[in-house]
Amino acid sequence: MPTALLSVSDKTGVTDFARGLADLGWKLISTGGTAKALREAGINVRDVSEVTNFPEMLDGRVKTLHPAIHGALLARRDLPEHVRALAEAHIEPIDLVAVNLYPFEETAARAGAKPEEIIEQIDIGGPSMLRSAAKNFASVTVIVDPADYVRVLAALQAGDDDLDLRRLLAEKVFARTAAYDSAIAHWFACEREEIFPERIAIPLERATMLRYGENPGQRAAFYVERNKDGIAALAQKGGKELSFNNLLDLEGALFATDPFEGEIACAIVKHTSPSGLATGSDSLEAYKKALACDPVSAFGSVISFTAPVDDGTAEAVSSLFVECIVAPGFSPGALEILGRKKNLRVLEGRAEWRPHALDYKRVRGGFLAQERAARDAGREEWKVVTTRQPTETELKDLQFAWRAVGSVKSNAIVLARDGATIGIGAGQMSRVDAAFLSVHKARLVGHDTKGSVMGSDAFFPFRDGVEQAAEAGVSAIVQPGGSVRDEEVIKAADEYNIAMVFTGKRQFRH
């Protein structure tokens with residue numbers, strides 16, 4: 001008779017699986033809570049301690065770490081010396097293992113969890129059994145995911161000796177234990193406030209396959225961190241499945257509105273960079289102001305709101321072709337209105353960053369890792385460097401422009417007025433070109449640039465950017481400063497009676 005060992009933290013489906021094995025004549029071994037659950041379901045099961053002839057000890061920390069278990073899992077059935085060794089030690093082979101691990105990630109993510117409580121959720125015996133069984137997949141079936149119970153049972157009922165399935169299940173085990181260990185290592189690093197440990201393993205699981213990547217013909221998938229932070233935490237309320245480019249643009253849209261948390265703001269994003277960004281007294285006003293910056297580029301965009309979307313805002317958005325809309329909430333009427341657009345993806349919720357999360361960028365042969373950009377909107381460290389001081393109205397617009405320009409691809413320039421962008425110059429190779437483009441885009445849709453303010457994500461290397469601003473009638477500029485030609489740039493601002501503020505911080509977004 002074949003033997004199965006079942007020891008699970010997540011007991012979803014385990015009694016039905018165990019009953020199916022028992023009906024096929026399998027002997028069952030189990031531990032602690034799993035054995036109790038199976039007995040309560042009327043399923044006959046032996047305790048592991050009967051197999052090892054050794055009681056559980058140290059509050060359950062030691063129960064399966066024994067040769068009678070690992071010898072039974074690791075012995076190769078095709079090697080006579082292995083079979084003979086088991087017989088001499090009176091060890092019966094174990095042919096199937098179903099184990100899922102202590103909920104370390106969930107415990108570590110829970111607010112208020114104490115370190116000692118988290119450490120107790122580091123599973124030792126479970127990963128050891130899984131790895132032993134997975135190494136010997138030629139003879140042993142190993143299950144780490146309860147979703148696999150059904151297909152394993154179906155294969156056994158059909159009498160299939162499915163080596164390909166066992167190999168796939170072994171692959172899942174090593175991926176799971178690797179992710180589990182990396183989550184534990186991450187927690188230890190965070191405990192000592194080290195965000196750049198000597199080694200980093202990123203624990204990800206596939207959320208879904210995507211139709212294609214950035215272009216048709218490129219295969220793609222969406223992987224998420226196991227605790228479902230960020231975009232994975234959003235609930236899709238309508239529309240077709242998300243694409244690779246949708247997810248990239250969603251990140252760009254959320255990034256654009258992040259600095260306006262606590263305010264009502266709207267960002268309209270194309271190719272991860274805003275085409276319009278604004279604040280307002282309500283979501284509809286913020287949307288209209290953001291759209292007015294560049295209504296042409298808004299076609300096929302992704303839109304992010306920091307406040308719930310009501311019926312009126314939904315009606316306005318639905319008149320435009322939009323790929324995705326994300327907001328913390330939607331009125332029932334808004335969902336009905338947006339639902340008329342069958343292809344419009346509607347996502348609800350808040351996409352929070354995990355504490356101490358890093359920003360990764362892929363390069364050939366590795367990753368670059370950096371702290372997430374601090375989107376500081378405070379004016380405490382700002383320094384007015386020109387003769388003319390900005391007015392309070394200008395300072396308010398400069399603060400908006402500084403928050404807005406950080407989400408625009410470098411080199412980046414924004415023109416702003418009354419809590420809204422009116423012109424954006426993104427992704428240019430020279431800063432004067434970005435300044436020219438921001439003015440050109442503003443005038444193209446009829447905005448009067450006179451009296452607007454300009455925000456620059458990095459310093460002006462030459463005075464030509466200031467001259468471009470002066471020609472457009474810009475009254476004030478916010479920039480980091482730090483150029484070897486700062487004095488030349490400041491002098492140009494003084495010549496044109498433009499107020500200029502240095503923030504001392506750069507906001508490149510490559």
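The following paragraphs examine the structure supplied in this document.

### Description of a negative patch on the surface
Item 1. On the surface, D282, E285, D310, D311 and E315 cluster together into a negatively charged patch.
Item 2. Residue classification places D311 among the partly exposed residues on the basis of a relative accessible area of 36%.

### Describing the environment of T3
Item 1. Summarising the element assignment, T3 is placed in strand β1 (residues 3–8).
Item 2. Between the C-alpha atom of T3 and that of W26, which follows or precedes it by 23 residues, the distance is 5.6 Å.
Item 3. Every residue in contact with T3, bar those within four places of it in the chain, is listed here: W26, K27, I29, E92, P93, I94, D95 and L96.

### Thoughts on the pairing of strand β17 (residues 413–417)
The two faces of a sheet get side chains in turn, since along a regular strand they alternate between them.
Item 1. Along β17, four of the five residues are buried, which leaves the element largely enclosed by surrounding structure.
Item 2. Taking the residues between adjacent antiparallel strands as the criterion, β17 and strand β18 (residues 420–425) are bridged by two residues, where D418 takes a positive phi near 55°.
Item 3. Two elements, β17 and strand β19 (residues 453–456), share four bridges in a ladder whose sense is antiparallel. Bridging from a neighbouring strand, A416 pairs with V453 of β19.

### Some details on helix α14 (residues 332–339)
Item 1. Of the positions making up α14, those classed as buried are A334, I337 and L338. For α14, the angular spread of buried residues about the axis comes to 95°, placing them on one side.
Item 2. Summarising the contacts, the buried residues of α14 are in contact with α13 (311–318), β12 (322–327) and β13 (345–348).

### Thoughts on the environment of H510
Item 1. Among the structural elements, H510 can be located in the segment after β21 (499–502).
Item 2. A relative accessible area of 66% means that H510 is categorised as exposed.
Item 3. Put simply, H510 and N100 are 410 residues apart on the chain and 41 Å apart in space, counted from C-alpha to C-alpha.
Item 4. Setting aside chain neighbours within four positions, we find H510 in contact with K361, K409 and S410.

Each value, and the rule that gives it
- Residues numbered from 1 in each chain as written.
- Predicted model: local features only at pLDDT ≥ 70, side-chain atom pairs only at ≥ 80, totals over all residues.
- Heavy atoms only, no water.
- Patch = residues over 30% accessible without salt bridge, like charges linked within 9 Å, V, L, I, M, F, W, Y side chains within 5 Å.
- Areas by Shrake-Rupley, 256 points an atom, 1.4 Å probe, with all protein chains shown as cover.
- Salt bridge = Lys/Arg side-chain N within 4 Å of Asp/Glu carboxyl O.
- Lys, Arg positive; Asp, Glu negative; His and termini not counted.
- Charge placed at Lys NZ, Arg CZ, Asp CG, Glu CD.
- Buried < 20%, exposed > 50% of the residue type's maximum accessible area, 1.4 Å probe, protein only.
- Helix = DSSP H or I, 4+ residues; strand = E, 2+ residues; numbered from the N terminus.
- Contact = heavy atoms within 4.5 Å.
- Pairing = 2+ DSSP bridges.
- Arc of directions from axis to C-beta.

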